[in-house]
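Understanding the architecture of this molecule
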Amino acid sequence: MDRLLFGDNQFFGVNHMSEEKARAQQMKFTDTSAIMAVIDAAYDNGISSFMCTTHDRVAEICEIARSDSDRYRDLTFLPCMPYAHKYANAVTEQGMLGALKQFTPDSGILDAAIRGSTSLARKDIDGLVTLLIDSEMKMFNGLHTPVIWLQNVVTDLMLGLGFDHALRLFADHVRDKYGAEPGFITMNLPMLVDRLERLGVDNPLVCANINKIGFRMSGGMEAYRKALEQHRFRTVAMSVFASGAIPPDEAIEWICGQPGIEAIVFGASSRSNIVSTRSLVEKYWTSAAAE
Amino acid sequence: MIRVGLVGLGKMGISHQAVLGGNPGVELAGICDSNSYLLGVLHKYTGVATFSRLDDMLDSAKIDALVIATPSRLHAPMVRAAIDRGVHIFCEKPFCLSTKDGQELAAAAAKKDLITQVGYHNRFVGTFLEVKRLLASNAIGDVTHVLAEAYGPVVLRPSGDTWRSKGLEGGGCLYDYAAHPINLVNWYLGEPRGAGGTVLNRVFSAEIDDEVSSTLYFDRGTTAQLSVSWSDESVRKMTTRLTLWGTQGRIFADRQECHVYLRDGSPMRSHAPGQYRVGWNTKYTTELTQPVDFYLRGEEYTAELDHFVTRCEKGEVDGENSFASAVVTDRTLETMIVDSRHAAMTPYDKTTPVDVQAESARPATHRVGRTRRIRQIANRLIRR
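Just so it is clear, the model here is predicted, and its values are computed rather than measured. (Residues numbered from 1 in each chain as written. Chains lettered and ligands numbered in written order. Predicted model: local features only at pLDDT ≥ 70, side-chain atom pairs only at ≥ 80, totals over all residues.)

1. Some words on the sheet that holds strand β2 (residues 26-32) of chain B
Pairing is parallel across the open sheet formed by six strands, whose spatial order is β3-β2-β1-β4-β5-β6 (chain B). This sheet does not close on itself; its edge strands, each paired only once, are β3 (50-51) and β6 (116-118) of chain B. (Pairing = 2+ DSSP bridges. Helix = DSSP H or I, 4+ residues; strand = E, 2+ residues; numbered from the N terminus.)

2. Side note on the sheet that holds strand β14 (residues 279-284) of chain B
All names here are of chain B. Taking strand neighbours across the sheet as the criterion, the eight strands line up as β8-β9-β10-β7-β11-β12-β13-β14 in an open arrangement whose pairing is mixed. Both outer strands of the open sheet, β8 (194-201) and β14, are each paired with one neighbouring strand and no more. Going from strand to strand, the sheet's axes swing by 10° on average, the running direction of each strand aside. Pairing between strand β11 (residues 239-246) and strand β12 (residues 249-253): five bridges, direction antiparallel. Considered in β12, the bridge of G246 is made with G249. Along the sheet, helix α7 (residues 173-189) contacts β7 (143-151), β8, β9 (211-217), β10 (223-229) and β11; its crossing angle with β7, the most-contacted strand, is approximately 155°. Most of the contacts of helix α10 (residues 323-342) go to β8, to which it runs at about 70°, and overall it touches β8 and β9. (Axes fitted to C-alpha atoms, helices over the stretch in contact; angles between N-to-C directions. Contact = placed C-beta atoms within 7 Å.)

3. Focus on the interface of chain B and chain A
As a measure of interface size, the accessible area lost when the parts come together is often cited. At the interface, 34 residues of chain B touch 34 residues of chain A. Contributions of two or more residues to the side of chain B that touches chain A are made by α1 (11-21), α2 (36-46) and α8 (285-288) of chain B. It is α2 of chain B that contributes the most residues to the side of chain B that touches chain A, six residues altogether. Its residues assigned to classes, the side of chain B that touches chain A shows 13 nonpolar, 11 polar and 10 charged. (Nonpolar A, V, L, I, M, F, W, Y, C, P; charged D, E, K, R; others polar.)

4. Looking at the pairing of strand β13 (residues 257-262) of chain B
Residues and elements named next belong to chain B. The pairing of β12 with β13 spans five bridges and is classified as antiparallel. For G249, the partnering residue across the bridge sits in β13 and is L262. Between β12 and β13, which pair antiparallel in sequence order, lie three residues. Relative to β14, β13 runs antiparallel, the two being bridged by six bridges. Within β14, the position partnered with E257 by the bridge is Y284.

5. Quick look at the pairing of β2 of chain B
All names here are of chain B. The buried fraction of β2 amounts to six of the seven residues, a majority that puts the element mostly inside the structure. Bridge count between strand β1 (residues 2-7) and β2: six bridges; the pairing is parallel. Paired with L6 across the bridge in β2 is I31. Traced from β1 through α1 to β2, the parallel crossover comes out right-handed. Here β2 runs beside β3; their pairing, made up of two bridges, is parallel. Looking at β3, one finds that C32 is bridged to F51. (Buried ≥ 20, exposed ≤ 12 C-beta atoms within 10 Å, placed from the backbone. Right-handed = clockwise from strand over helix to strand, strands pointing away.)

6. Some remarks on the confidence of the model for chain B
On average, residues of chain B score 92 in pLDDT, and 91% of them reach the 70 mark or higher. The complex prediction reports pTM at 0.91, with the ipTM value standing at 0.90. (pLDDT = per-residue confidence, 0-100.)

Here it is, written out as structure tokens:
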């Protein structure tokens with residue numbers, strides 16, 4: 001995997017520090033061409049892994065990548081699913097079952113369940129979950145997706161509920177059907193890696209906030225350090241700048257000094273930010289840290 | 001270790017279940033909902049005991065505490081059932097749809113020394129806590145005016161048939177959305193003296209309100225203006241924002257940042273690094289938020305349940321968001337409903353006098369009220 005992965009929060013009004021900044025960014029990226037210009041800048045600077053949500057707008061980016069396959073030959077997509085707000089809003093509006101119906105419109109699976117004639121009626125979730133994964137993956141048809149991530153809101157929900165089967169199911173389906181590595185985004189890394197180990201999910205990719213000030217590192221810095229040192233999983237660090245609370249130089253120097261970090265995902269809204277992050281990583285990432 | 005039962009498996013209920021699952025001090029003794037499919041799935045895959053009737057769970061699950069996350073209409077009877085059995089209660093917001101119910105239940109729970117809490121999670125958000133701290137230190141002097149806002153994308157088209165779209169179920173923007181900023185205003189300013197100019201407006205819904213605007217009046221002329229809509233697609237998720245003006249400065253806060261302007265006379269002003277200085281100051285959630293042991297959707301959801309669980313373990317009857325404090329918000333909401341029925345408005349038509357002089361537009365109240373001024377003069381005379 002590349003050391004630097006390009007994230008997409010900045011494009012869709014996600015900023016963990018400021019709603020005002022988030023809105024300003026949303027305005028800046030109203031046109032998909034503005035998003036594409038930044039992705040192009042990253043791509044032309046050798047950052048070719050795009051870690052993206054399954055947002056409707058990402059479908060447009062996928063379309064561009066497909067239509068100019070020569071230019072984007074090396075561009076890989078690392079989808080993060082599901083785009084949770086889509087589901088959360090639907091649940092608020094239509095209730096839990098109504099929402100499921102909306103997202104599996106042609107399957108008739110829910111009606112069948114209510115009639116009691118399918119695996120759903122036996123409370124078997126495998127069919128439904130794989131159907132939802134497949135529907136989220138449709139937009140990436142024909143594109144290279146070497147890693148498929150489960151968003152932290154779902155990973156951590158399943159973790160808290162003790163719904164281990166769903167984590168296992170996601171890993172298996174992603175490997176079997178898409179030949180991709182399963183990845184889990186989480187805000188609770190120490191708890192998650194213990195659970196995945198117990199479930200026998202082998203050497204999983206885990207993406208979590210890892211930053212010098214311990215922002216959103218639930219379980220505490222010490223538990224993270226221990227987990228990283230034991231190195232039973234492949235780590236992608238996110239929020240290394242803690243949403244801007246840590247100066248870039250200091251943030252990158254620190255993260256590059258941590259054990260077992262395989263990659264960093266970062267967001268940037270301009271070519272100059274991309275270039276400066278890349279050069280900081282080149283400066284601080286010694287071969288020892290990357291091993 | 002406390003044994004907790006959970007009733008209501010909607011968005012908040014499921015979220016609470018996961019957060020409780022991440023708390024090593026909690027044993028989830030049972031979950032209860034009317035949706036048997038959901039119960040079946042959760043039982044099959046997590047092994048949790050399930051109940052389709054609350055009474056059955058209360059009778060047989062041996063719980064110390066109950067978390068209620070059902071539609072608002074069901075809060076009062078469920079809280080009553082829990083009180084009858086001497087169980088501590090965490091109830092989602094709004095507390096009760098009737099102040100009378102709320103007052104009775106708060107009194108009944110207090111009589112039994114039960115721990116009570118309502119899910120106004122904003123009181124556990126770092127930035128809003130900081131505002132509380134600033135006001136307690138009189139940072140912006142006398143608060144003269146507050147703008148309390150909440151916007152989000154819940155009802156964006158004329159459809160929807162969940163309980164949130166039914167007035168009788170306690171749905172509507174007032175109870176679902178406006179309750180949050182109003183609860184913060186109650187936290188900062190206390191009980192209002194009244195409400196005026198309340199409009200509960202429909203945008204897309206057939207039965208219920210999608211927009212709320214109102215003025216709340218407080219002692220000494222302080223007012224709070226409310227502007228709330230859950231039919232705003234431009235925001236990605238619900239945003240609650242408070243702006244407070246005072247004689248010594250101004251504060252703006254949402255869940256992520258806190259901007260504070262201090263005037264030269266503010267008692268909080270300082271030259272020390274990291275402290276508030278005269279002029280603009282910005283503090284972010286990264287600095288103001290206390291870490292939690294398990295995170296889902298926001299630190300505040302864990303923090304509020306941790307607070308409740310700790311109170312249950314220690315038997316602390318006093319705590320944040322007690323039933324009694326939530327009744328103040330329920331009552332504020334009801335006052336606004338009553339006010340909205342007056343539909344008072346000064347007409348802009350032929351009946352409006354056209355000879356009102358601009359200079360007669362005198363403010364209704366004074367910062368230093370008349371009684372206070374008389375007292376000041378009296379004190380001065382006594383000192384002489």
